[in-house]
Amino acid sequence: QVQLVESGGGLVQAGDSLTLSCAFSGRTFSAYGMGWFRQAPGKEREFVAAISWRGGSTYYASSVKGRFTISRDNAKNTVYLQMNRLKPEDTAVYYCAAGVRWGSTPSEYDYWGQGTQVTVSS
């Protein structure tokens, strides 16, 4: 069974940077595409970024493109989300997800982490 554990969330000020990590275990990491999603209070879960099995392809939501970078280290079974120039509207619980398919919709992912809170103050 796949397990995903996010870390790196916290409270930062607008304009700051933060890097989230997601540790993968239980199956062969390189067989899964990985995604990051976020959910703010009272809102639906929304796509943030995704990366292909070996990291050759990435995809971003328009709201974060140019500010966030998704990457993976298959030797460490870890996917990262580097977040720069953070804005208050980036405040949310961030979830990583793993799927044999990968894309921008939650249904394309099979496994989810428990989430990590990111709060950006103005």
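Residues numbered from 1 in each chain as written. Predicted model: local features only at pLDDT ≥ 70, side-chain atom pairs only at ≥ 80, totals over all residues. Heavy atoms only, no water.

*Asks:* Please set out the pairing of strand β3 (residues 18-25) residue by residue, giving values where relevant.
*Replies:* Across the two faces of β3 the burial differs, with L18, L20, C22 and F24 buried and T19, S21, A23 and S25 not buried at all. Here strand β1 (residues 3-7) pairs with β3 via five bridges, running antiparallel. Bridging across to β3, L4 finds its partner in F24. In terms of strand pairing, β3 meets strand β8 (residues 78-83) through six bridges, oriented antiparallel. Among the inter-strand pairings, S21 is bridged to a residue of β8, identified as Y80. (Buried < 20%, exposed > 50% of the residue type's maximum accessible area, 1.4 Å probe, protein only. Helix = DSSP H or I, 4+ residues; strand = E, 2+ residues; numbered from the N terminus. Pairing = 2+ DSSP bridges.)

*Asks:* I'd like to hear about the environment of L20, residue by residue, with values.
*Replies:* Tracing the backbone shows L20 in strand β3. Classification of L20 by relative accessible area gives buried; the value is 0%. Along the sequence, L20 and G9 sit eleven residues apart, while their C-alpha atoms lie 6.3 Å from each other.

*Asks:* Tell me about the sheet that holds strand β7 (residues 68-73), and please be specific about residues and values.
*Replies:* Across a sheet, paired strands are connected by hydrogen bonds in the backbone, their directions being either parallel or antiparallel. If you walk across this open sheet you meet the four strands as β1-β3-β8-β7, and the pairing is antiparallel. Among the strands making up the open sheet, the edge pair consists of β1 and β7. On average, each strand axis in the sheet is inclined to that of its neighbour by 15°, with strand direction left out of account. (Axes fitted to C-alpha atoms, helices over the stretch in contact; angles between N-to-C directions.)

*Asks:* Just give me the short version of the packing of aromatic side chains, but keep the residues and values in it.
*Replies:* Using the criterion set out here, one finds nine aromatic pairs in the structure. With a centroid separation of 5.0 Å and 55° between ring planes, the pair formed by F37 and W112 is classed as tilted. Of this pair, F37 sits in strand β4 (residues 33-39) while W112 is found in strand β10 (residues 111-112), placing the two residues 75 residues apart along the sequence. Owing to a relative accessible area of 27%, W112 belongs among the partly exposed residues under this scheme. Among the aromatic residues, those joined into a ring-pair cluster are F37, F47, Y59, Y109 and W112. Between R45 and the ring centre of W112, over which it is positioned, the NZ or CZ distance is 4.8 Å. Against the face of F29 rests R72, its NZ or CZ located 4.1 Å from the ring centre. (Phe/Tyr/Trp six-rings, centres within 6.5 Å; stacked < 30°, edge-to-face > 60°. Lys NZ or Arg CZ within 6 Å of the ring centre and 35° of its normal.)

*Asks:* Please give an account of the pattern of salt bridges that cites residues and values.
*Replies:* Applying the stated criterion to the full structure yields three salt bridges. When the shortest N-O distance is used, the salt bridge between R38 and E46 registers 2.5 Å. Taking relative accessible area as the criterion, R38 reaches 5% and is therefore assigned buried. In this structure, R38 and D90 form a salt bridge, with 2.9 Å as the shortest nitrogen-oxygen distance. (Salt bridge = Lys/Arg side-chain N within 4 Å of Asp/Glu carboxyl O.)

*Asks:* Tell me what's going on with the environment of Q82, and back it up with residues and numbers.
*Replies:* Among the structural elements, Q82 can be located in strand β8. For Q82, a relative accessible area of 27% corresponds to the partly exposed category. Considering only alpha carbons, one finds Q82 and W53, 29 residues apart in sequence, at a separation of 18 Å. Discounting residues that sit within four places of it in the chain, Q82 has contacts with S17, L18, T19, R67, F68 and T69. A polar contact is formed between the side chain of Q82 and the side chain of N84, at a distance of 2.7 Å. (Contact = heavy atoms within 4.5 Å. Polar contact = N/O pair within 3.5 Å; in protein donor to acceptor, adjacent residues only side chain to side chain.)

Any link to function would need more than the numbers given here.
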